Amino acid sequence: MEKMLAVKIWRGEESGEYVTYHIPSRENQTVLDVVTEIQRQVDPTLAYRFSCRVGVCGSCAMTVNGKPRWTCRSHVKNVVKNNTIVLEPLRNMPRIKDLVVDMTEFFDKWKKAGGEFIGTRTRHDRPALVDPASKARKQADAAIECINCAVCYAACDVVEWDKDYVGPAALNRAWSLVNDERHADPKGVLEKSMADGGCNSCHTQGSCMKHCPVGLSPTGSIAGLKKRSLFEFLGGK
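Bear in mind that the values here come from a model prediction, so they are computed numbers and not experimental data.

S.K.: Would you mind showing me how to read the packing of helix 3 (residues 104–112) against helix 7 (residues 168–178) here?
M.R.: Packed helices, taken two at a time, are described by the angle their axes make and the gap between the axes. Remark: helix 3 packs on helix 7, axes separated minimally by 8 Å, with the N-to-C direction vectors making an angle of 30°. Put simply, helix 3 runs roughly parallel to helix 7. Both helix 3 and helix 7 take part in a crossing whose hand is right-handed. Seen from helix 3, the contacting residues are F106, K109 and W110; seen from helix 7, they are A169, A170 and R173. Looking at the contact of helix 3 with helix 7, its residues break down into four nonpolar, no polar and two charged.

S.K.: Just to check I follow, could you spell out the pairing of strand 3 (residues 61–64) for this structure?
M.R.: In the case of a regular strand, side chains alternate between the two sheet surfaces. In strand 3, alternate side chains face the same way, and those of A61 and T63 on one face and M62 and V64 on the other are all buried. One ladder, built from four bridges, connects strand 3 with strand 4 (residues 67–70); its direction is antiparallel. Within strand 4, the position partnered with A61 by the bridge is W70. What sits between strand 3 and strand 4 in their antiparallel hairpin is a turn of two residues, with N65 showing a positive phi close to 50°.

S.K.: I tried to follow helix 3 on my own but got confused; where do I start?
M.R.: An α-helical segment advances 3.6 residues per turn. Residues three or four places apart therefore align on the same side. Along helix 3, the positions that sit buried rather than exposed are F106, K109 and W110. When helix 3 is viewed along its axis, its buried side chains cluster within an angular range of 105° and face the same direction. If you follow the buried residues of helix 3, they end up packed against helix 5 (151–155) and helix 7. Downstream of helix 3 by a residue or two, G114 has a phi angle that is positive, lying close to 85°.

S.K.: What is the right way to read the packing of helix 7 against helix 8 (residues 186–193) from this model?
M.R.: It is at 9 Å that the axes of helix 7 and helix 8 come closest, and there the two elements cross at 155°. As the angle between them shows, helix 7 and helix 8 are arranged roughly antiparallel. The two elements helix 7 and helix 8 cross, and the hand of that crossing is left-handed. On helix 8, the residues touching L171, A174, L177 and V178 of helix 7 are P186, V189, L190 and S193. Grouping the amino acids of the contact of helix 7 with helix 8 by side-chain chemistry returns seven nonpolar, one polar and no charged.

Calculation notes
- Residues numbered from 1 in each chain as written.
- Predicted model: local features only at pLDDT ≥ 70, side-chain atom pairs only at ≥ 80, totals over all residues.
- Heavy atoms only, no water.
- Axes fitted to C-alpha atoms, helices over the stretch in contact; angles between N-to-C directions.
- Helix = DSSP H or I, 4+ residues; strand = E, 2+ residues; numbered from the N terminus.
- Parallel < 35°, antiparallel > 145°, perpendicular 65-115°, else oblique.
- Left-handed = near helix turned anticlockwise from the far one by under 90°.
- Contact = heavy atoms within 4.5 Å.
- Nonpolar A, V, L, I, M, F, W, Y, C, P; charged D, E, K, R; others polar.
- Buried < 20%, exposed > 50% of the residue type's maximum accessible area, 1.4 Å probe, protein only.
- Pairing = 2+ DSSP bridges.
- Arc of directions from axis to C-beta.

Dropping the structure here:
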């Protein structure tokens, strides 16, 4: 007899219910494979997001058995419990439908923390020469790989109860720009990151670092911003 996998999926918006589907359990299938099979073979009304399928875009992020993660990189055998998988949309963002969330507030906070790059040169100037071995470049590189999948945002307990908090991804971005010598306004970014809802709202629980699919440390970036702000304050005296 073919072994079946039970997949319990949230259906609806803010209000809704869990619906359980049963599909064949296969070797090496990912959670995204499971969702795609359900949508294509069982229920075409199921809403979810995905794009690259190979861990590059981050759009397939969902809550899998209570933890936020990229479903394309999550093999069923590593997350299944009692032959069951429970799928929900990411936490801390409004639910649009089923497994899809509205990420508007996430990106608005990214901008609020000064996340937009402002160059000091135009296309008519020679490119900036950046020493890859410099301390500033290494610090920027440590944060620059974020692709805004919002897994860290969904994992953050502070975001859950403090909607003014800009979140770990936004502050991680701020840290990369503060250290980017090509950026025109690093002090402005630092000021925004330390404003209300910024670094001082972080409780350093480390959930963002624990769940980041690419191994970044927003916790470290936030600590760096706090330290840099203190140095700026003392230097100003």
